[in-house]
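# Understanding the architecture of this molecule
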Amino acid sequence: MSFDRSIKIAPSILSADFANFGQEIQAVEAQGADWIHVDVMDGHFVPNLTFGPATCAAIRPHIKTVMDVHLMIAPVDPYIQAFADAGADILTAHLEAGPHIHRTLQAIRAAGCKAGLALNPGTGLDDLPYLLDMVDLICVMTVNPGFGGQKFIHSQVDKVKRLREMIGDRPIHIEIDGGITPDTAPLMAQAGADVLVAGSAVFKGGSVTNPTPYGENIRAIRIAAG
Ligand code: DX5
Ligand code: ZN
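Residues numbered from 1 in each chain as written. Chains lettered and ligands numbered in written order. Predicted model: local features only at pLDDT ≥ 70, side-chain atom pairs only at ≥ 80, totals over all residues. Heavy atoms only, no water.

Below, the discussion takes up the sheet that holds strand β3 (residues 67–72). An order of β1-β8-β7-β6-β5-β4-β3-β2 is seen for the eight strands of this open sheet, with the pairing classed as parallel. What marks the edges here is a single partner per strand, and that holds for β1 (8–11) and β2 (36–41). Put simply, the sheet's adjacent strands are angled 25 degrees from each other on average, direction ignored. Pairing geometry for strand β5 (residues 114–119) and strand β6 (residues 137–141), over four bridges, is parallel. Paired with L119 across the strands is V140, a residue of β6. (Pairing = 2+ DSSP bridges. Helix = DSSP H or I, 4+ residues; strand = E, 2+ residues; numbered from the N terminus. Axes fitted to C-alpha atoms, helices over the stretch in contact; angles between N-to-C directions.)

Pasting the structure below:
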């Protein structure tokens, strides 16, 4: 994975057909997805459950781009090796998931993955100076994590602008997750984000037998982002 700040669209398979992940991934990649965003939820850190490392390992061979795994779980550390073994390129843990995020980020890199740090909408940037040199990606949540299809929280635009300044020349991606549409994407692209996760806005109107809307939806977000 080489680093660049061009806009990348990362469809979240949370909005895909759960009975058909392999084909859904192939369809969105063929339609222009840059990364595949994989939402892992534990019913404890967030009020919803999805799947774990076994499903990640099963879908890995279908991903030709980048497997971007968003861990909405607590604790994180006991599961890092399993997600690394499943083939994650990026493993993102939440700052709020426990008292030892520094150790968690060290462990993610030690397991051979790029390290991501996710921030809930209510979390500030105060702790970041102590973590910036340990991360490859910062994920700014623009909804409260747990569900697809929620409304974009506008207060996060200013947070991303300040985050972009803090990052400076460091090779750290800024990823936005939640409520991304052609309306909200430009706000975040202008604020300095380069990875736009989109679930409902990518998968709406399409299916594996009718994937053309996936491509139209991805292009609409990309064009709006500029
Ligand atoms: C929310 C997840 C998101 C979600 C985004 O907890 O982390 O990745 O799938 O879905 P949309 O784009 O529908 O807001
Ligand atoms: Zn996510």
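Now, onward.
H37 (NE2), D39 (OD), H70 (ND1) and D177 (OD) make up the full set of protein donors to the zinc ion (ligand 2), lying at 2.0 to 2.3 Å. One way to put it: the six donor atoms around the zinc ion (ligand 2) meet at angles of 69 to 171 degrees, and that makes the site octahedral. All donors to the zinc ion (ligand 2) come from one chain, and their sequence spacing reads H-x1-D-x30-H-x106-D. Highlighted residues: H70 in strand β3 and D177 in strand β7 (residues 173–177), separated in sequence by 107 residues. The burial state of H70 is the same as that of D177; both residues are buried. (Donors = N, O, S within 2.8 Å, 3.2 Å for Na, K, Ca; no water. Tetrahedral: all angles 85-135°; square planar, octahedral: opposite > 155°, others 65-115°. Buried < 20%, exposed > 50% of the residue type's maximum accessible area, 1.4 Å probe, protein only.)

For the rest of this paragraph, the subject is the pattern of salt bridges. Scanning all chains against the criterion turns up seven salt bridges. Of the charged contacts, one joins R60 and D89 as a salt bridge, the two residues approaching to 2.9 Å between their closest N and O atoms. With R60 in the loop between α2 (53–59) and β3 and D89 in the loop between α3 (80–85) and β4 (90–94), the pair connects residues that are 29 residues apart, well separated along the chain. With a relative accessible area of 19%, R60 lands in the buried category. When its relative accessible area of 25% is taken as the criterion, D89 is described as partly exposed. Notably, a salt bridge pairs R162 with D158, separated by 3.4 Å at the nearest N-O pair. (Salt bridge = Lys/Arg side-chain N within 4 Å of Asp/Glu carboxyl O.)

Geometrically, the link from A74 to P75 is a cis peptide bond, its omega value of 0 degrees lying close to zero. Among the secondary structure elements, P75 is positioned in the loop between β3 and α3.

Lining the immediate environment of ligand 1, one finds 20 residues, of which D39, G146, D177, G199 and S200 sit closest. H37 is positioned such that a nitrogen or oxygen atom in its side chain is 3.4 Å from an oxygen atom of ligand 1. Its free accessible area being 380 Å², ligand 1 has 100% of it covered by the protein chains. When contributions to the shell around ligand 1 are tallied by element, the ones reaching two or more residues are β2, β3 and β8 (195–198). No other element matches the three residues that β2 contributes to the shell around ligand 1. (Near = heavy atom within 4 Å. Polar contact = N/O pair within 3.5 Å; in protein donor to acceptor, adjacent residues only side chain to side chain. Areas by Shrake-Rupley, 256 points an atom, 1.4 Å probe, with all protein chains shown as cover.)

Another aspect to go through is the side chain of E24. Take E24: it is sitting in helix α1 (residues 21–30). Of the side chains with opposite charge, R219 comes closest to the buried, unpaired E24, at an N-O distance of 15 Å. At 2.7 Å, the side chain of E24 and the side chain of Y214 are in polar contact. Apart from the residues within four sequence positions on either side, E24 is in contact with A16, D17, F203, S207, V208 and Y214. (Lys, Arg positive; Asp, Glu negative; His and termini not counted. Contact = heavy atoms within 4.5 Å.)

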